[in-house]
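Fold and geometry: a report
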Amino acid sequence: MTTFRISEAAALLGVSSDTVRRWVDAGRLSAARDEHGHRRIGGADLAAFARAQVGESGDGGRSSARNRFRGIVTEVIRDAVMAQVEIAAGPFRVVSLMSRQAADELGLEAGVVAVAVIKSTNVVVEIPGHERVAGQV
């Protein structure tokens with residue numbers, strides 16, 4: 001069974017190690033001690049906890065897109081017709097190409113909070129440390 005150190009779980013959840021320790025101490029997330037006395041979190045337990053933390057959009061809207069990344073706009077490059085918008089969403093970089101008119105109407109510029117909503121029928125899944133693609137949906 002896959003297990004994760006506190007620091008690994010924190011990185012995957014996008015929070016600090018102290019936050020994960022508090023969750024474990026409060027009983028919100030289960031962990032067991034390994035042979036060295038370090039806390040380890042089971043992969044299935046971490047996945048269930050992460051899934052429970054994912055909330056709905058909260059804006060009252062409805063959408064078929066399920067992949068939502070809230071972040072801050074870090075750069076907008078405009079030309080006469082198109083705009084390239086870059087969003088930092090936690091450790092992830094999301095880049096979108098849209099019409100300049102859409103970017104202007106949304107008021108997109110560096111420092112604005114935005115949500116990248118992604119609906120994709122082609123998702124490549126990779127396993128870190130392996131060079132070939134593990135699966136394609």
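Description of the structure in this document. The shown structure was predicted, so the numbers you read here are calculated from the model rather than taken from an experiment.

With that out of the way, let us pick up the packing of helix H1 (residues 6–13) against helix H3 (residues 43–53). When two helices pack together, their arrangement is given by the angle between the helix axes and the distance between those axes. Where H1 meets H3, the axes come as close as 11 Å, and the angle between the chain directions of the two elements is 30°. Taken together, the axes of H1 and H3 are roughly parallel relative to one another. Here the hand of the crossing between H1 and H3 comes out right-handed. Packed against H1, whose contacting residues are Ala9, Leu12 and Leu13, the element H3 presents Leu46, Phe49 and Ala50 at the interface. Looking at side-chain class alone, the contact of H1 with H3 contains six nonpolar, no polar and no charged residues.

Moving on, we come to a nonpolar patch on the surface. Taken together, the side chains of Val81, Met82 and Leu97 present a nonpolar region at the surface, about 310 Å² in accessible area. Relative to the helices and strands, Leu97 resides in strand S6 (residues 92–99).

Pairing between strand S1 (residues 3–5) and strand S3 (residues 39–42): three bridges, direction antiparallel. Of the residues in S3, the one forming a bridge with Phe4 is Ile41. With two bridges joining them, strand S2 (residues 32–33) and S3 adopt antiparallel strand pairing. By the bridge assignment for S3, Ala32 is matched with Arg40. Remark: five residues form the turn of the hairpin made by S2 and S3, two consecutive strands paired antiparallel; Gly37 in that turn has positive phi of roughly 85°.

The next thing to look at is the sheet that holds S3. Spatially, S1-S3-S2 is the arrangement adopted by the three strands of the open sheet, whose pairing is antiparallel. If you trace the sheet from one side to the other, it starts and ends with S1 and S2, each paired once. Against the sheet, H1 touches S1 and S3, its axis set at about 95° to S1.

Calculation notes
- Residues numbered from 1 in each chain as written.
- Predicted model: local features only at pLDDT ≥ 70, side-chain atom pairs only at ≥ 80, totals over all residues.
- Heavy atoms only, no water.
- Axes fitted to C-alpha atoms, helices over the stretch in contact; angles between N-to-C directions.
- Helix = DSSP H or I, 4+ residues; strand = E, 2+ residues; numbered from the N terminus.
- Parallel < 35°, antiparallel > 145°, perpendicular 65-115°, else oblique.
- Left-handed = near helix turned anticlockwise from the far one by under 90°.
- Contact = heavy atoms within 4.5 Å.
- Nonpolar A, V, L, I, M, F, W, Y, C, P; charged D, E, K, R; others polar.
- Patch = residues over 30% accessible without salt bridge, like charges linked within 9 Å, V, L, I, M, F, W, Y side chains within 5 Å.
- Areas by Shrake-Rupley, 256 points an atom, 1.4 Å probe, with all protein chains shown as cover.
- Salt bridge = Lys/Arg side-chain N within 4 Å of Asp/Glu carboxyl O.
- Pairing = 2+ DSSP bridges.

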